[in-house]
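# Close look at the chain arrangement
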Amino acid sequence: METLRQKQIAGLLRMLHLNDNPRMSEGGGTNTSGEPEAPIWKVLVFDAFCRDVVSTVLRVNDLRDNGVTMHMQLQAQRSPIPDVPAIYFVQSKRENIARMSEDIARDLYELYYINFASSLPRALLEEFAVQTTASGKSHQIVQVYDQYLNFLCPEENMFSLHLPSTFEAIHNPSMTDSAMNSLIDNIVTSLFSVLLTLKTIPSICAPRGNAAEMVATRLDAKLREHILGSRHNLFTEDADDILSQSRRPVLILLDRDFDLGSMFMHSWTYQALIHDIYDIRLNQITIEHTDDSGRKSKKSYDLNVNDAFWARNADQPFPEVAVSIDDASTAFKREADEITRMGGVSSLDEMGNIDVGASTKQLQRAITTLPEMTARKASIDMHMNIATSMLDSIKDRQLDDLFQIEEQLARQSKTSILEAINDPEKKNSQDKLRLFILYFLANEGMRQADIDECEAALAAAGCDLAPLQYLHKLKRVNKMNASVASPGIGPTHVVTGGGGGGGAMGSSDLLGKFSSISSRFAGFTEGSSLGTIFSNVRNLLPTRKQLPITRVVESVMAGRSSGGGGLGIGGIRAGIGSATGAGSGGGGGSGNAVSRMLDTFVYFDPKQARRGNLAGSNANVPHHAGPHATVNGDGAAQEAIVFVIGGGNYVEYQNLMEFSQQSSPRKHIVYGSTSIINADGFLGELSRLNAS
């Protein structure tokens, strides 16, 4: 089964081949005689949003391989390039229509292939036609296509609508009804594109009373209108996989309010830790390095899913990844030494000077592996540099200690939390604030005197208390005391090392093992192995537990739910924050919380006939994992699309992927959100809300 990312890439490549299926990955197609066909060279012009869509999944080499010689921003000043066709990839906006019309009037390019990221409204299409006809150049427009690709795919089964600060916008009391309607419509339009890319029409479910229900209602109406009112059903058009059309996943829409705690957690897996420290943007991070002379420089790294090491280790605990880096570097040095020995040279760089024609067959085979060896070396170098920098942050912020505290949050007392807040070795004030927020959300009966004492300690530690103050308001206004809980609630079981049955490795012991890694990550020429440095770090591993979002998804897919209802814009504001969050652990209370939340779910099936004046096509009707979802013999759904309105992160994504991989039979889950945001970014939204 193709992933969402693979399907989006296929759509982009088809666009780059002038909306014809690419016949070869490089160098064009073949003619009728079977000879190589010269590629059609062209330029690519996109706006900022579509640039981000492309750059998340394709690199410059990919564009060149598919005939794109130049790529430029729509709003940038561009010189005419005669006799060259241009592909435009832009959002359906009036300002983009005006700029493209201006380009056509100026005769910048020979031919124009216009592609909109989403459906172009009829009014804008007519406006575009009037403007281009007035210039007398409309005959140069060869194609106008709606691509339905207005979303980002940072991972194989993860997508983002690239709508920043959605949580802030929805909760802002100054937001007008028209602005709210525009935001909801934007989300619906983008979700429609995701479903169309997947070629699937799911059943839909959402909790009653918040933005998620409004999105579900409008998406149901949009899908229904397309199925029943369109002359061409795009969901069946050009669909090669008949089986994929018959599958019916359940689309689970959730509001960020249902579980705020997951946005503040400290993680210990490689990808989530990188996102926490460096904020992954468009699958790229920027790290500041300091050389021996004290000079600082910044370097960017691409975290590409095509990188074999990244694909294997992104979801692994950081200590395991560090050991894997050592293993990979050791294996590489061994292979490189063998190749250079056969070539009689001192390094791989000198292998290019060997006369291949005069070489033995064995050496020739070794030389052919040089490109792959070079790529491996670049990957290992990159991950070594990232890990080295991460270790500095772990040490300065004591992230390992904070992670352990949060893993056992239910066992913590006010005294232990205060000790962490007052600890001068924990140098990042945001980390301390996040720890207390998790404790505060997990202990709904916390005394006001204890809260005041902790807040005073946070202020003394230099924390900005605005996010916490907003959470106080949110709890008071929406009576969240009984509904919001932290992912860390409940008993946890820390994985311990062998031997005498002691606890998990402490912060000082762990960092002691890491203390010399920076000097040992110098390169492949170092004679010593990193294995001794990481010999004991495997002891600090995350507890395998389900986050609230995973437990909700599991329950919905298992059919443990019922539903009903409908609302308008006013109902969203009235219900903000009232969704049920659920903590992890073995307590029965968390399971009851999930059950109470599922009892509020409404269900929609765009393929079923509308019944009366219900908000959805199937509201108030209980279903197993949604009406007509793909199920196995026991009634459990096998596929789900999970979408969070208000921000998501890699912690939730990895938790859902782990659940899907451990399920039997294996479930297929796609995770998405309005934006992928780290804890610092989410705290910023709360700070601004507190000031609004």
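Scroll up to find the structure this text is about.
What you are looking at is a predicted structure, and each value in this text was computed from that prediction instead of being measured.

## Concerning the environment of N115
Following the sequence through the fold, N115 ends up in strand β4 (residues 112-116). Separated by 97 residues in sequence, N115 and L18 place their C-alpha atoms 9.7 Å apart. Contact partners of N115, with chain neighbours within four places excluded, come to M15, N19, I87, Y88, F89, V90, Y145 and Q147. There is a polar contact of 3.2 Å between the side chain of N115 and the side chain of N19.

## Quick notes on the sheet that holds β4
Strands sit in the order β2-β1-β3-β4-β5 across an open sheet of 5 strands; the sheet is parallel. Strand pairing shows two members of the sheet lacking a second neighbour, β2 (68-73) and β5 (141-146), which therefore form its edges. On average, each strand axis in the sheet is inclined to that of its neighbour by 15°, with strand direction left out of account. The sheet strands contacting helix α1 (residues 4-16) are β1 (42-46), β2, β3 (86-90) and β4, and the helix crosses β3 at an angle near 145°.

## Things to note about the packing of aromatic side chains
Under the criterion given, the structure shown has 15 aromatic pairs. Measuring from ring centre to ring centre gives 6.1 Å for W268 and F318, while their planes differ by 75°; the resulting arrangement is edge-to-face. Taken as a pair, W268 in the loop between β9 (250-255) and α10 (270-278) and F318 in helix α12 (residues 318-343) lie far apart in primary sequence, 50 residues in all. Side by side, W268 and F318 carry an identical accessibility label, which is buried. The structure contains a cluster of three or more aromatic residues connected by ring pairs, namely W268, Y270, W310, F318 and F403.

## Concerning helix α2 (residues 48-57)
The buried count for α2 comes to 7 of 10 residues, which makes it a mostly enclosed element. Those residues of α2 not exposed but buried are F49, C50, D52, V53, V54, T56 and V57.

## Some words on unusual backbone geometry
Of the consecutive residues S664 and P665, the connecting peptide bond is found in the cis state with omega at -5°. With respect to the helices, strands and loops of the structure, P665 is situated in the loop between α25 (650-662) and β14 (668-673). Positioned with a positive phi, S165 is a non-glycine residue whose angle comes to about 60°. Following the sequence through the fold, S165 ends up in the loop between β7 (158-160) and α6 (166-171).

## Digging into the nonpolar core
In summary, soluble globular proteins display a tendency toward joint burial of nonpolar side chains. Ranked by size, the top nonpolar core spans 100 residues in total, and within it I274, I386, F436, I549 and F601 carry the most contacts. Leaving out residues up to four positions away in the same chain, F436 has contacts with I417, I421, M446, I451, C454, L458 and L468. Counting 62 residues, the second largest nonpolar core, distinct from the first, contains L44, V68, Y148 and M175.

About the thresholds
- Residues numbered from 1 in each chain as written.
- Predicted model: local features only at pLDDT ≥ 70, side-chain atom pairs only at ≥ 80, totals over all residues.
- Heavy atoms only, no water.
- Helix = DSSP H or I, 4+ residues; strand = E, 2+ residues; numbered from the N terminus.
- Contact = heavy atoms within 4.5 Å.
- Polar contact = N/O pair within 3.5 Å; in protein donor to acceptor, adjacent residues only side chain to side chain.
- Pairing = 2+ DSSP bridges.
- Axes fitted to C-alpha atoms, helices over the stretch in contact; angles between N-to-C directions.
- Phe/Tyr/Trp six-rings, centres within 6.5 Å; stacked < 30°, edge-to-face > 60°.
- Buried < 20%, exposed > 50% of the residue type's maximum accessible area, 1.4 Å probe, protein only.
- Core = buried A, V, L, I, M, F, W, Y, C linked by side-chain atoms within 4.5 Å.

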